Amino acid sequence: MSKGSREARFIVHPPAAVAHIREAARVTGEILAELTRQIQPGMTTLLLDQLAGQLIRRCGGESAFFNYHGFPGQICISVNDEVVHGIGRADRVLMAGDLVGLDVGVRLKGAVGDTATTVCVGGRPAPVAARLMEATRRSLDAGIAAARGGDDLSVIGKAIETVIKAAGFSVVRDFVGHGCGRELHEPPEVPNFTTTPRGILLRPGMVLAIEPMVNAGGWRVTVDKHDGWTVRTADGSLSTHYEHMVLITQGEAEVLTCPKTPSE
Ligand code: MG
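These lines cover the structure that appears in this document, whether it is placed above or below. These numbers come from a predicted model, not from an experiment.

## Here's the deal with the packing of helix H3 (residues 127-146) against helix H4 (residues 154-167)
Close contact between H3 and H4 brings their axes to 8 Å; oriented N to C, the two are set at 155°. Compared by their axis directions, H3 and H4 come out roughly antiparallel. Crossing of H3 against H4: the hand is right-handed. Seen from H3, the contacting residues are Ala135, Thr136, Arg138, Ser139, Ala142, Gly143 and Ala146; seen from H4, they are Val155, Ile156, Ala159, Ile160, Val163, Ile164 and Ala167. Of the residues in the contact of H3 with H4, the class split is 10 nonpolar, 3 polar and 1 charged.

## Comments concerning the side chain of Thr45
Relative to the helices and strands, Thr45 resides in helix H2 (residues 45-58). Under the relative-accessibility criterion, Thr45 is labelled buried at 1%. The contact partners of Thr45, leaving out residues within four places of it in the chain, are Ile77, Val79, Ile87, Gly88, Arg89, Arg92 and Leu94.

## Topic: unusual backbone geometry
Of note, the bond from Pro187 into Pro188 is cis; its omega dihedral lies within 30 degrees of zero at 0°. Within the element layout of this structure, Pro188 appears in strand E8 (residues 186-190). One non-glycine residue, His69, lies in the positive phi region at around 50°. By the element assignment, His69 lies in the loop between strand E1 (62-63) and strand E2 (76-79). In this structure His69 comes out as exposed when scored by relative accessible area, which is 68%. In this structure, His85 takes a positive phi of about 65° despite not being glycine.

Definitions and cut-offs
Residues numbered from 1 in each chain as written. Predicted model: local features only at pLDDT ≥ 70, side-chain atom pairs only at ≥ 80, totals over all residues. Heavy atoms only, no water. Axes fitted to C-alpha atoms, helices over the stretch in contact; angles between N-to-C directions. Helix = DSSP H or I, 4+ residues; strand = E, 2+ residues; numbered from the N terminus. Parallel < 35°, antiparallel > 145°, perpendicular 65-115°, else oblique. Left-handed = near helix turned anticlockwise from the far one by under 90°. Contact = heavy atoms within 4.5 Å. Nonpolar A, V, L, I, M, F, W, Y, C, P; charged D, E, K, R; others polar. Buried < 20%, exposed > 50% of the residue type's maximum accessible area, 1.4 Å probe, protein only.

Right, dumping it as structure tokens:
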């Protein structure tokens, strides 16, 4: 889930808090990975949401999104032209080729994990969808690589936007990444586009959710008037969303939401 406005400054988490945040983020990444394994054509998005709720509870956590400002789902499920904040529905049946953004937030032992990915149902994306997914993943990697202690926060958005512009796609501007750790949304905001530096330097102990939302067409979006949540591209083009939580260090940021590989 991504954030709109408001700005304090930033939070540096002490090591004891980082340990809890690391655990919540790891669990959140594992739940997201399990959902990407289970998604298949013919499933409703409501079933996917219920499955996510079961996985979250089985880990001893609770959804960080459910009831957040009244959000009715366990996770956000955003299909095709839906950018973020989609809600699982009994009448939305997933079909092969659908692009599905899955955004999972888990509260566990006083900490919060938040991570998202986009999957193509059935695993065979159309050419433009494949290019959009690849570019957005690459922009997230670039944003994470830029997030080094001592640099200005704005290097992250600049790195993301540079990749997306070169690929010929558009970065959503109405929603941004955020600090995360003890609460779902903490300062600072983390834009996915170039901004004037605000004098916030990246410091070891900061935890940021970096989450580019990228449209195949223009950057403008609309919010569903009926459910008050679902964000769609204004021009009906496809959209993708990837998100990792990272811990800022003196050097390369540590990605906290990657599930363990079998070799680890
Ligand atoms: Mg988020």
